[in-house]
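Close look at the chain arrangement
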Amino acid sequence: MRGQAGGGGVSPGQARRGAFRAHNPFALRPVHRPERLHTRIGPEEGLVIVQIFVRDNNVDQALKALKKKMQREGTFREMKRHVHFEKPSEKRARQAAEAVRRARKLARKRMQREGLLPPSKPVVRPTR
């Protein structure tokens, strides 16, 4: 029965190929890559598009502003993470560490507001 045609509209070759793919870990399957999806999503779906305006043909200043924005949004960190595959155990460990870091930062800010800790030192940037 397996090699006979007429198995519900599916030819024997198709049935065998489908069965092969279902049990073969090396068979080609669609891969979910979120970094590729961002190119198709527009601003109406909630994606914030970074815009930098070049003033007085000063590209260096615009590039510096772009890098600063991307650093603040975590784009560089995200790109670096996608360079190599991250094992699920590594992903869980990273997410746990990030959660601890956020909780500590929140607690520190709360204690500063309540006056239990002195306020953080302001960042002094040299003037040109």
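Residues numbered from 1 in each chain as written. Predicted model: local features only at pLDDT ≥ 70, side-chain atom pairs only at ≥ 80, totals over all residues. Heavy atoms only, no water.

1. Thoughts on the side chain of arginine 94
This is how it is decided: Here a strand is any run of E in DSSP of at least two residues, a helix any run of H or I of at least four, and the numbering for each starts at the N terminus. Two residues form a contact once any of their heavy atoms are found within 4.5 Å.
Tracing the backbone shows arginine 94 in helix H5 (residues 88-114). Ignoring any residue separated from it by four or fewer positions in sequence, one finds arginine 94 in contact with Arg81 and Glu86.

2. A few points about H5
As a reminder, the rule being used: Expected span of a helix, by definition, is 1.5 Å for each gap between consecutive residues, and there is one gap fewer than residues.
Taking 1.5 Å as the rise per residue, H5 with 27 residues should run 39 Å; its terminal C-alpha atoms sit 39 Å apart, in good agreement. Glycine 115 sits one or two residues past H5 and shows a positive phi near 90°.

3. Points about a nonpolar patch on the surface
How we decide: Each patch is built from residues that are more than 30% exposed by relative accessible area and take part in no salt bridge. Like charges join if they lie within 9 Å; nonpolar side chains (Val, Leu, Ile, Met, Phe, Trp, Tyr) join within 5 Å. Each accessible area is a Shrake-Rupley result for a 1.4 Å probe, and residues are judged covered by the shown protein chains and nothing else. Salt bridges are defined by distance alone: a side-chain nitrogen of Lys or Arg within 4 Å of a carboxyl oxygen of Asp or Glu. For every residue, the accessible area (1.4 Å probe, protein chains only) is compared with the maximum for its type, and the residue is labelled buried under 20%, exposed over 50%, or partly exposed between those bounds.
Nonpolar side chains collect at one region of the surface, where Met111, Leu116 and Leu117 lie side by side and expose about 250 Å² of accessible area between them. Turning to its location among the elements, leucine 116 is positioned in the segment after H5. According to the relative accessible area criterion, leucine 116 is exposed, its value standing at 57%.

4. Topic: the confidence of the model for the protein
What counts is decided by this rule: For every residue, the predictor reports its confidence as pLDDT, a number between 0 and 100.
Per-residue pLDDT for the protein averages 76, and the proportion of residues at 70 or more is 62%. Here helix H2 (residues 34-37) stands out as the least confident element of the protein, with mean pLDDT 46; H5 is the most confident, with 95. Note that residues 32-41 has pLDDT below 50 and, in this model, four contacts with residues that lie over four places away or in other chains.

5. Section: the pattern of salt bridges
Summed over the entire model, instances satisfying the criterion amount to four salt bridges. Note that arginine 81 and glutamate 86 form a salt bridge whose closest N and O atoms lie 4.0 Å from each other. With a shortest N-O distance of 3.2 Å, arginine 94 and glutamate 98 are connected by a salt bridge. Separated by four residues within a single helix, arginine 94 and glutamate 98 lie in helix H5, roughly one turn from each other.

6. Comments concerning helix H3 (residues 59-73)
Two residues of an α-helix separated by three or four positions point the same way, owing to the 3.6 residues in each turn. The terminal C-alpha atoms of H3 lie 21 Å apart, and with 15 residues this matches the ideal 21 Å at 1.5 Å per residue to within 8%. Just downstream of H3, glycine 74 is the residue with a positive phi angle, here 85°.

7. A short note on a positive patch on the surface
Which entries qualify depends on this criterion: Neither His nor the chain ends contribute to the count of charged residues, in which Lys and Arg are positive and Asp and Glu negative. Charged groups are reduced to one reference atom each: NZ for lysine, CZ for arginine, CG for aspartic acid, CD for glutamic acid.
Judged by side-chain charge, Lys64, Lys68, Lys69, Arg72 and Arg125 come together as a positively charged surface patch. Position of lysine 68 relative to the elements: it lies in helix H3.

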